[in-house]
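Coordinate inspection notes
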Amino acid sequence: MPTTARRPRRDLQGLRALAVLGVVAGHLTGWPTGGFAGVDVFFVISGFLVTGILLRDLDASGSIDLRAFLVRRLRRLLPAALLVLTVVVSLGYAVFHRTRAEQTLGDALSALGLVSNWRFGLEGRDYFSSADVSPLQHFWSLSIEEQFSLVWPLLLLAAVALLPVAARRGRAARRLTGLIALALVAASAVAAVRLTASDPAGAYFSTFARAGELGVGAVLAALAPVLGRMPAPLRGLLAWGGFAVVVASFLVIEPASPFPAPWAALPVAGAALVIAGGIGGDPRHRHLFPLTNPLSVALGDVSYSLYLWHLPVIVFAGVLLPPGPSWMPIVLLITAVLTVATYLGIEQPLHRSPWLERRRAVAEEEPAVPEPVTPAPVVRPAALASRPAGWVPGQRYYPGSRPRMTEPDAAPAAPVDPEPPTVAVPPVAPESEPRPGLEPVVAPSRPHTWAAWRERYSGRIGLAAATLTIGAGATVLAIFVAYGAPVLQLPALVAAPPAADPTEVAAALPTLQAELAAAVSADAWPELHPGLDEVIRESSSDNRAHDCFTPDVAPDPGRCTFGDPAASHHLYLVGDSSAMAYAPAIAKLAEQSGGAWRATTVGMYGCRFTDVMIESRDPAVNAGCENRKAQVRSMVAADPADLVIVSNAFTLGTAIGGASLDPAQLATSTFAEVGTWAPTGRTVFLSPPPHGADLDRCYSPVTGPSACLAAVDDVWTQMEKATEAEATATGNTAISALPFTCVQNVCPAFAGDTPVRYDETHLTPAFAERLAPILRQELQTRGLY
């Protein structure tokens, strides 16, 4: 007996294509600025389709087959996702430094556990930050969708259980579903508004703030019978209006816009209008050609695989390929190859496989005495012989339409499965998952045995393998043409230059400069001590003055003072995290002074020692900065200083209240603060090192150190000039970090066998200790030490 298959609603496939193109383009190019709102479009579609499946079950049986529903979801989503997660984690351990590789593994495990969004939200990750982007960051949206898919059926089952058995089908169940969905939308909207105001980064990933977007789709599914009775011109107007709203949302929303509340309402409303306008009528929707043309439909078909692969390719290419005009075409090529191969070889074949299906209760062996069976002849009136399936006398029919149901509120065909189907209509089994927006057509049953599945899909899997092979060759060729033959560097292949003897003060700076110059031209990573993996992981935690600069720990003068407590000369190092990074050097300088000096290192990271309060991104710093400066003033008053060294960040700042400060104002403000309690003429402005490359992004064991070279930025140069001018004007001293961190305005990641920075700005404790003889010479030359 023929079974019912469904023809794709092309407008939904096109809407999927529009959404995924917005997300991919935003991640790849930064335009459109609101491309990330494509995820909100996906949420509405998923809520609509998932609820459609559940309502169809309720209409048919008064209950929901949870096992069948979850098996469809598992078979549909897991294989491709598991492939991407496995590849990303494996490649991460080969390409990333260890800390980032371990973080990627954690991201993968949270994705498998469907809690990616909670992991990112609790860690305070900023979705729009370009630093430390996880190649699996986009799995946050899949986690929210699957959380909805797990909870929503249970909620509906519990709700319909309150209805009389006779009312669990049809209108009553559908109305109850709609009311619950409306309540979900309202509650989620309130949560979104409150969370966006109090914690924007967390709100972006919050299930509570996003669930209402899926709830909007659920409301549409519950209203499908009503929406299907709209006049065709009104449906067309809604669909075109929704398309325009979605496109407009991509163009007007920016990363700085309050999101998800209220700006997510724009793409959600647009998607809802497109979906509502497409219920009923011809599923091809040819009038909405931007969404229903063959290219849009094809992109919608592969949208899931494209979404899975695009961000890992972008992140890994950012590490492995140098920037240039060929970078983006190569990224697009790799993404296209992986997308098509995954769709043909993994996504569709396993989705349509017998995997996890219940075995049918049929005999596996033939009867001992088979008897011929003569099928009964089918008698059809001649007048009806040419009528299409589902034809109803007296009702208008056109190709692709669905016959109207006899009950007034019976639902017209609606999308019922959140998956990207193929354009062609493959045969499906009665119990197989219907595909989105399909209209009934006669189709043979889908094979239910592995033998039949292999016969059907072996060709597609072979095509996927061919796509992957040819694509890999094309990618290698493109890389050769663009960059030449790649040379992968392995760690510890080149011996590090010998370290200088720290006791030879006069030779310390020339030796270090020679090592920096060698690092600039190095084509392989030396064996570093400590290793870059270690310094990235430890950051400032192994700095022995760390607790003297934290906002939540009051500085203890005893624990923050180094050298002989009975020394006759007292040196203070004060400032923000730039000063903390120099603390190991100042401590060693005091300890090697032969009992002549003791050094106290105090301050607060993020808190610049200026007379104007500079706004920090850390609320704890904003709350405690002024008090910390007062504590330092009290320390100096109780135990006066013979020498004060000040080091603040060389970045532009904004004062509390909103006033922007230029380099000259910041330099003047620094002396105005310190000059009130530091000894006149014995204050040293020690500049922080120029910004280096972000090790978290540039360092990889399989690329050379040239990827981590950085040029001195203009802001640092302006700040240095302003500081030197202020020091001259006030009769004090300025010492530049440029000679001992960079060579010819190029700043490498290491010198000799020592890493210079653990991030973009801060010196490693090991490198800071190497600066002790250099700083001693600088101070002695100026008669300050």
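First things first, this report covers the structure right here in the doc. (Residues numbered from 1 in each chain as written. Predicted model: local features only at pLDDT ≥ 70, side-chain atom pairs only at ≥ 80, totals over all residues. Heavy atoms only, no water.)

Looking at the overall build of the protein chain
If you tally the helices and strands in the protein chain, you get 26 helices and 14 strands. Considering the protein chain as a whole, with its 785 residues, one finds that 52% of them fall into the buried category. For the protein chain, long-range pairs separated by at least 24 residues make up 79% of all intrachain contacts whose partners lie at least 6 apart in sequence. With the model as given, the accessible surface of the protein chain reaches about 33,600 Å², and the carbon-plus-sulfur share is 63%. (Helix = DSSP H or I, 4+ residues; strand = E, 2+ residues; numbered from the N terminus. Buried < 20%, exposed > 50% of the residue type's maximum accessible area, 1.4 Å probe, protein only. Contact = heavy atoms within 4.5 Å. Areas by Shrake-Rupley, 256 points an atom, 1.4 Å probe, with all protein chains shown as cover.)

Some remarks on unusual backbone geometry
Trans is the common state for peptide bonds, and a negative phi is the common state for residues other than glycine. Residue Pro262 is bonded to the preceding Ala261 through a cis peptide linkage, with omega at 5°. For Pro262, the location among the structural elements is in the loop between helix 11 (232-252) and helix 12 (265-277). Phi angles above zero are rare outside glycine, and Gln744 is one such case at about 50°. Following the sequence through the fold, Gln744 ends up in the loop between strand 11 (733-735) and strand 12 (746-747). Residue classification places Gln744 among the exposed positions, given a relative accessible area of 75%.

Here's the deal with the nonpolar core
If you look at the biggest cluster of nonpolar residues, it comprises 100 residues, and the most contacted ones within it are Leu15, Phe48, Phe139, Trp140, Trp152, Leu220 and Ile275. No other element matches helix 2 (residues 38-61), which puts 13 residues into this core. Apart from residues no more than four positions distant in its own chain, Trp140 is found in contact with Val39, Phe43, Ser116, Asn117, Phe120, Tyr127, Tyr204, Phe205 and Arg210. Residues Met613, Met635, Val636 and Ile735 belong to the second largest nonpolar core, which totals 57 residues. (Core = buried A, V, L, I, M, F, W, Y, C linked by side-chain atoms within 4.5 Å.)

Side note on helix 21 (residues 619-638)
End to end, helix 21 covers 30 Å across 20 residues, agreeing with the expected 28 Å (1.5 Å per residue, within 8%). In the structure, helix 21 departs most strongly from a straight axis at Cys625, where the bend amounts to approximately 45°. Residues of helix 21 that are buried include every one of Val621, Gly624, Cys625, Arg628, Lys629, Val632, Met635 and Val636, and no others. The inward-facing, buried residues of helix 21 abut strand 4 (569-575), strand 5 (597-603) and helix 22 (663-674). Regarding helix 21, its N-cap is Asp618, as a side-chain oxygen of that residue lies 2.9 Å from the backbone nitrogen of Ala620 further along. (Expected span 1.5 Å × (residues − 1). Bend = angle between axes of the 7 residues up to and from the residue. Polar contact = N/O pair within 3.5 Å; in protein donor to acceptor, adjacent residues only side chain to side chain.)

Structural notes on empty space enclosed by the protein
Scanning the entire structure with this criterion turns up four cavities of 30 Å³ or more. As a volume, the largest cavity reaches approximately 160 Å³. Considering the residues around the largest cavity, the lining is formed by 16 residues, among which Asn648, Phe650, Thr670, Phe685 and Thr723 are closest to the centre. Of all the secondary-structure elements, those providing two or more residues to the lining of the largest cavity are strand 6 (643-647), helix 22, strand 9 (683-686) and helix 24 (714-730). A per-element tally of the lining of the largest cavity places helix 22 first, with three residues. Looking at side-chain class alone, the lining of the largest cavity contains nine nonpolar, six polar and one charged residues. (1 Å grid on protein atoms, 1.4 Å probe; cavity = no way out; pocket = protein on both sides within 12 Å on 5 of 7 lines; lining within 4 Å. Points joined across faces, edges and corners; volume = space filled by probe spheres on them. Nonpolar A, V, L, I, M, F, W, Y, C, P; charged D, E, K, R; others polar.)

A closer look at the environment of Glu726
Its location among the elements puts Glu726 in helix 24. Considering only alpha carbons, one finds Glu726 and Thr668, 58 residues apart in sequence, at a separation of 6.4 Å. Excluding anything up to four places from it in sequence, Glu726 contacts Ala667, Thr668 and Phe671. Separated by 3.3 Å, the side chains of Glu726 and Thr668 make a polar contact.

What about the environment of Ser110?
Mapped onto the fold, Ser110 is located in helix 4 (residues 98-112). Taking the C-alpha atoms as reference, Ser110 lies 9.1 Å from Phe139; in sequence the two are 29 residues apart. Residues contacting Ser110, with those up to four places away along its chain left out, are Val115, Ser116 and Arg119.

Brief notes about the pattern of salt bridges
Enumeration according to the criterion identifies 19 salt bridges in this entry. We note a salt bridge from Glu347 to Arg76, for which the minimum N-O separation is 3.2 Å. With Glu347 in helix 16 (residues 327-351) and Arg76 in helix 3 (residues 66-95), this pair connects stretches of sequence that are 271 residues apart. Grouping residues by exposure puts Glu347 and Arg76 together as buried. (Salt bridge = Lys/Arg side-chain N within 4 Å of Asp/Glu carboxyl O.)

Section: the packing of helix 6 (residues 139-160) against helix 9 (residues 207-222)
The geometry of helix 6 relative to helix 9 is characterised by a closest axis approach of 10 Å and an angle of 65° between their N-to-C directions. Where helix 6 crosses over helix 9, the handedness of that crossing is right-handed. For the pair helix 6 and helix 9, the contacting residues are Trp140, Ile144, Glu145, Gln147, Phe148 and Trp152 in the first and Thr207, Arg210, Leu214 and Ala218 in the second. Among the residues forming the contact of helix 6 with helix 9, the class breakdown is six nonpolar, two polar and two charged. (Axes fitted to C-alpha atoms, helices over the stretch in contact; angles between N-to-C directions. Left-handed = near helix turned anticlockwise from the far one by under 90°.)

Comments concerning the pairing of strand 5
For a regular strand, side-chain orientation follows a simple rule: the groups alternate between the two sheet faces. In terms of burial, strand 5 is a largely internal element, seven of the seven residues being buried. Burial of strand 5 is two-sided: the residues Trp597, Ala599, Thr601 and Gly603 facing one way and the residues Arg598, Thr600 and Val602 facing the other way are all buried. Pairing of strand 3 (residues 561-563) with strand 5, which is carried by three bridges, proceeds in the antiparallel orientation. Bridging across to strand 5, Thr561 finds its partner in Thr600. With seven bridges connecting them, strand 4 and strand 5 associate as parallel partners. Bridge assignment links Tyr572 to a residue of strand 5, and that residue is Thr600. Between strand 4 and its parallel partner strand 5, the chain crosses via helix 20 (residues 577-591), and the hand of that crossover is right-handed. (Pairing = 2+ DSSP bridges. Right-handed = clockwise from strand over helix to strand, strands pointing away.)

Description of the state of the cysteines
The final tally for this structure, using the stated rule, is four disulfides. There is a disulfide in this structure between Cys607 and Cys625, and the S-S distance comes to 2.0 Å. When the S-S torsion is 70°, as for the bridge of Cys607 with Cys625, the disulfide is right-handed. Taken together, the residues span a long stretch of sequence, with Cys607 in the loop between strand 5 and helix 21 and Cys625 in helix 21 at a distance of 18 residues. Across this residue pair, the class does not change: Cys607 and Cys625 are buried. Sequence-ordered numbering of the disulfide-bonded cysteines in the protein chain gives the connectivity 1-2, 3-4, 5-6, 7-8. (Disulfide = S-S within 2.5 Å.)

Re a nonpolar patch on the surface
A cluster of nonpolar side chains, Leu82, Tyr93, Leu105, Leu109 and Leu112, forms an exposed patch at the surface whose accessible area comes to about 430 Å². Elements with a contribution of two residues or more to the nonpolar patch: helix 3 and helix 4. Here the element with the most residues in the nonpolar patch is helix 4; it accounts for three residues. Taking relative accessible area as the criterion, Leu82 reaches 37% and is therefore assigned partly exposed. (Patch = residues over 30% accessible without salt bridge, like charges linked within 9 Å, V, L, I, M, F, W, Y side chains within 5 Å.)

Regarding the pairing of strand 9
Taking every second residue as pointing to the same face, both faces of strand 9 are buried, with Thr683 and Phe685 on one and Val684 and Leu686 on the other. The pairing of strand 6 with strand 9 spans three bridges and is classified as parallel. When the bridges of strand 9 are listed, Ile645 appears paired with Val684. Summarising the sheet, strand 9 and strand 11 pair through three bridges and their orientation is parallel.

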